Structures are given as C-alpha cells and as structure tokens.
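# Chain and residue survey
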Amino acid sequence: MASYHCTVKAGASSSASAHASYIERDGRYKSKDRDDLEAVESGNLPNWAERSSDFWKASDSYERANAKGYREYEVALPREMLPAQRLELVRDFIRQELGDRHAYTFAIHNPRAALEGGEQPHAHIMFSERQRDSIERPEAQYFKRWNAKNPEKGGCKKGEGYKSAEQRKNELVALRERWATLQNDHLEKHGHADRVDHRTLKERGIERIPTEHMGPTAAAMEQRGVSTRRGLVKAQLEKDMAEVASIPELSRRLRADCVQLVKLEAAKPDPTPSPVKPDQVKPNPIQERRRQEEMSVQIVKMWREIVQKEREEHLKELTTKAFETAKAFSVHFQAHMDAEPMLFGRKAWEAKRVAMDHRYDRLKVDYDELKTGRYPFLSNDKEAVQKEALQRATAKQPKLAAAQAPAEAILRARDQREQEERMQRAREEDRIRQAKKAERGQDRGYSR
C-alpha cells in the first residue's frame, strides 16, 4: 500500500559535500553494505562545475559559516511502481518545484525494511537556495552576498527575503499537498488504485491513534533483540490501538450481558410481595470489572489527548515568543546598519555588526528549528515542558485529572492479571508436555 512521507530539511554550510556523497553512495559511503542506490542525477549546475561534487565542495568553501548550505526534500515513493516509473515521478516533482532556478542533486534509495523485509523506496532531493540567473559567475563569486543594485558584482540571490511563521507554514502545507497530488496522478497513470493523503488523521476524520516511525537504526536493533525507546513506544501504541478497536465489541457484549442479566432477574422467583428495587440487585462482578476497565481506557485516552494538546499549545507560545524576539532584534539590527559611520568609529561599528549578524542568524536558526518541532533550547528540559503541560491540563480538567490515576491503576491491574493468566497457562502447558515426555520415556523402557 502506498504511504505518504514528505519533509523539508536544511543543512549547514560545511556539510553539503558530505551529504551529497552520502545520498550518491560515493566516497566513504560506497560499500557493499550500501547497495540500495536505485538512481542518481544532478541538474542546473553552473559551467564551472563538471560534476555535482565540484558544486557542493565549492558551496562548503564559499558559503558563510552560519548560512544554510543546502535544503533537502525527502519523500517516500510508492513501492508498487517500477524503478523507471519512480524516476519519472521524482523528475516531474523537481521540474514542478525547482525548475531551472536551483542547482540540485537527487538520489533514489530502495533499502529493505529491517523488520518486515519489504521495499522502502524514497528519494533525497538536495538543492542550493542560490537562484540561477543569466549572469555567469565564477565559483568564488557564485556564493557571495546578493547585490541588488549591481547583480553582476555580487553572488546569486539566496532565498526570497523574510517570511513570517504563518507564511512558511502555509508554504510547507502547500508543498506537501502538491507532492500528494503529483504522486496520486502518477499512481492513476500507471493503473494503481492506491492513493495517498498529506492531511493528518484528525483532519481526515479518522479515529485512529497515529503511529511513530521507528527508523532504520531502531528497527535493526529491535531485529537483533535489543530493546529501544521507539520499539517500546510502537508496542504501546499497538496495544492502545487494539484496546481502542475492542471498545465497540466490549460495549456490544456489555449491552448483551445487561439484557441477559435482566432476563435472569425477571425469571427468578420473588419470595416477597414487594418489588425488588434496582439498588438491591447485586451487579455481576465480572461485568462490573469490565465496565470499569472500559471506562478507564476512555479516561486515559482522553487525558493523554488533553495533555498532548496543552503541550503543543505551550510549545506554540514558545515559538511565538521566539518569533517576536527575532523580529525585535531584526529592527535593532537594521537601525545599527542605518547608522553606519563614514570614518570615525567604523572599527567598533563593524565589530558590533558582526556580533549582531551572528546573533540574528542564531535567532533565525532557532526559530526555523522551532517551526519544525525540534525546540533546540528545550532539548535538555523536556521534563519541564511535560510538567507544564500536566499543570495546564489539570487546571482545565481537574475532574479528569483526578480520575486519571485510578484509571491507570485499574488498567495496570488488568495487565497484571492477564500476564498472570498467561503465565499460568504456560505452566500448565509445560506440565502437560513434561507428563507426555515422561510417558514416552516409560514406553521406550518397556519395549526393551
């Protein structure tokens, strides 16, 4: 079944050549262990770059140290398609998104999944943000700062200027939608019924717990029997999904048990002339336990959703704050640039400009990472974020917060009971096997 994946990444100015070698499986990445390369291609290279490696090495040499050396689209490709059809899809995507404006290198990899063993075709499309024009520039000038007044004296233009967080988010959503549309067009063109969708499960109205991608490293470790965090998360999600899927069946069985209980109670002889009150009927212990477990599953699920929502809101507030900080610093930086001295104090002004330039680039990098959910300055403080989310969720839903701990205790007791039952069955099966083994040994003794 076709799966959807489309991400946008940015690489540091000193890492472009190494990343190009990695996706092309060249240099130190060329080995028998990496035999998953299906196709590789480059385009829009300037005249001085005979090979893609020439261009990316020049990018590492001449791009500013705090600049982005490249951007990359990473997309999953349909395993239903043939290699030539996947190559055609990637080329169409590049023509649509990059055209003849940006130098690029792409590679299609098709490794085997570590756990299920199926194909995992995907493409790495890395490109320079420098926009080509009709001016031919040597490699040293190609990566210089853009000169708007005299383009022939500066380097190629990079990027499209400042954009707000909302603009960048809308552009990313539009890019993901265009990739889904193009992929579906090619699936239909080659006679495949499967389709992909860039929207989340919630946006599509699908009530299902989203899964987490394990990645090749974690999958390989799990295959070797080494427990990983992502493996534990995957197992827990599968367990939660099974529990959620069983809720309708449990509800049906509970209603049937209630109907049967009412029939049995009605069929029992009444020793007293007075009618039996509802509160005098003792509930079935098994039915009551199932009812509590069903309610506990719902409570824990609702609580996790609320905590996750509050966490996202908290991180969104931090992102907004980072944006405002970068915006304010941008105004301050522009004021400093406007106050450029003609003669006296230029050295001090230049030193401050360099420091402010580095600071502004750092704020932009932090803000870009915040938008992608990386939160660099919170990498060592995840517990504080989780604590804040719990406090906010508790303040908004105090009753649900109070019911959450007893619900989890009920589910833990259920899991422990089920584990004990499995162990008891295993012991019983082992006892039966030992008895049969002993009987076979006695039979062989008598035959001698």
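Residues numbered from 1 in each chain as written. Predicted model: local features only at pLDDT ≥ 70, side-chain atom pairs only at ≥ 80, totals over all residues. Heavy atoms only, no water.

## Focus on the packing of aromatic side chains
Our working definition: Two aromatic rings, drawn from Phe, Tyr or Trp (for Trp, its six-membered ring), form a pair once their centres lie within 6.5 Å of each other, and the interplanar angle then sorts them: stacked below 30 degrees, edge-to-face above 60, tilted otherwise. Numbering goes from the N terminus for both helices and strands, where a helix is a DSSP run of H or I of at least four residues and a strand is a run of E of at least two. A simple rule labels every residue: compare its accessible area, found with a 1.4 Å probe on the protein chains alone, to the largest value its type can have, and call it buried under 20%, exposed over 50%, or partly exposed in between.
Counting across every chain of the model gives 13 aromatic pairs. Centre to centre, the rings of tryptophan 48 and tyrosine 142 are 5.8 Å apart; their planes meet at 80°, and the pair counts as edge-to-face. Here the residue tryptophan 48 occupies a position in the loop between β2 (37-43) and α2 (52-62), and tyrosine 142 occupies one in helix α4 (residues 139-142), the gap between them amounting to 94 residues. Take tryptophan 48: its relative accessible area is 22%, and that puts it in the partly exposed class. Overall, tyrosine 142 belongs to the buried group, its relative accessible area being 4%. Seen from their ring centres, phenylalanine 55 and tryptophan 56 are 5.0 Å apart, and the 85° between their planes marks the pair as edge-to-face. For the pair phenylalanine 55 and tryptophan 56, one class covers both residues: buried.

## Considerations on unusual backbone geometry
Its identity is not glycine, yet arginine 25 carries a phi of approximately 55°, on the positive side. Here arginine 25 lies in the loop between α1 (16-24) and β2. The class for arginine 25 is buried, based on a relative accessible area of 8%. Phi angles above zero are rare outside glycine, and asparagine 44 is one such case at about 60°. Assignment of secondary structure puts asparagine 44 in the loop between β2 and α2. Residue asparagine 44 is classed as buried on the basis of its relative accessible area, which comes to 19%.

## Let's talk about the nonpolar core
Rule in force here: In this text, buried Ala, Val, Leu, Ile, Met, Phe, Trp, Tyr and Cys residues form a nonpolar core when linked through side-chain atoms within 4.5 Å.
The biggest cluster of nonpolar side chains holds 25 residues, and the ones touching the most others in it are Leu77, Val90, Phe93, Phe106, Ile108, Ile125 and Trp179. Sorting the residues of this core by element identifies β3 (68-76), α3 (83-97), β4 (104-109), β5 (122-127) and α5 (165-189) as the ones contributing at least two each. Grouped together as the second largest cluster of nonpolar side chains are 14 residues, Ile23, Ala107, Met126 and Cys156 included.

## What about the sheet that holds β3?
Quick reminder of the rule: Being paired, for any two strands, means DSSP has found at least two bridges between them. Lines are fitted to the C-alpha atoms to define the axes, a helix being fitted only along its stretch in contact, and any angle between axes, read from their N-to-C directions, falls within 0 to 180 degrees. By the convention used here, residues are in contact when the closest approach between their heavy atoms is within 4.5 Å.
Taken together, five strands build an open sheet; the order of strands is β1-β3-β5-β4-β2 and the sheet is antiparallel. Unpaired on one side and paired on the other, β1 (6-12) and β2 mark the two borders of the sheet. For this sheet, the mean inter-axis angle between neighbouring strands, taken without regard to orientation, is 15°. For β3 and β5, the ladder comprises six bridges, and the chain directions are antiparallel. Paired with glutamate 72 across the two strands is methionine 126, which belongs to β5. In the packing of α3 onto the sheet, the strands contacted are β2, β3, β4 and β5, and the crossing angle to β4 comes to about 150°.

## Re α3
As a reminder of what qualifies: Each helix should span, by expectation, one fewer than its residue count multiplied by 1.5 Å.
Taking 1.5 Å per residue, 15 residues should reach 21 Å; α3 reaches 21 Å between its end C-alpha atoms and fits that length. As for α3, its buried residues are in contact with β2, β3, β4, β5 and α5. Just past α3, the residue glycine 99 takes up positive phi, approximately 60°.

## So, the environment of alanine 107
Of note, alanine 107 is situated in strand β4. On the basis of relative accessible area, alanine 107 is assigned to the buried category, the value being 0%. Taking the C-alpha atoms as reference points, alanine 107 and arginine 25, separated by 82 residues in sequence, lie 8.9 Å from one another. Excluding its chain neighbours within four sequence positions, the residues that come into contact with alanine 107 are Ile23, Glu24, Leu37, Ala39, Val40, His122, Ala123 and His124.

## A few points about the packing of helix α8 (residues 285-338) against helix α10 (residues 382-396)
Two quantities define a packed helix pair, namely the angle between the helix axes and the distance between the axes. Where we set the bar: The cut-offs work like this: below 35 degrees is roughly parallel, past 145 is roughly antiparallel, 65 to 115 is roughly perpendicular, and the gaps in between are oblique. It is the rotation of the near helix from the far one that decides the hand of a crossing: anticlockwise by less than a right angle makes it left-handed, clockwise makes it right-handed. The residue classification treats Ala, Val, Leu, Ile, Met, Phe, Trp, Tyr, Cys and Pro as nonpolar and Asp, Glu, Lys and Arg as charged. All others, Gly included, are polar.
Relative orientation of the contacting elements α8 and α10 amounts to 120°, with a least axis distance of 8 Å. On the basis of their axis angle, the class for α8 and α10 is oblique. Between α8 and α10 lies a crossing of right-handed hand. Contacts between α8 and α10 involve Trp303, Ile306, Val307, Glu310, Arg311, Glu313, His314, Leu315 and Glu317 from the former and Val385, Gln386, Glu388, Ala389, Leu390, Arg392, Ala393, Thr394 and Lys396 from the latter. Classifying every residue of the contact of α8 with α10 gives eight nonpolar, three polar and seven charged.

That is the geometry; function is a separate question.
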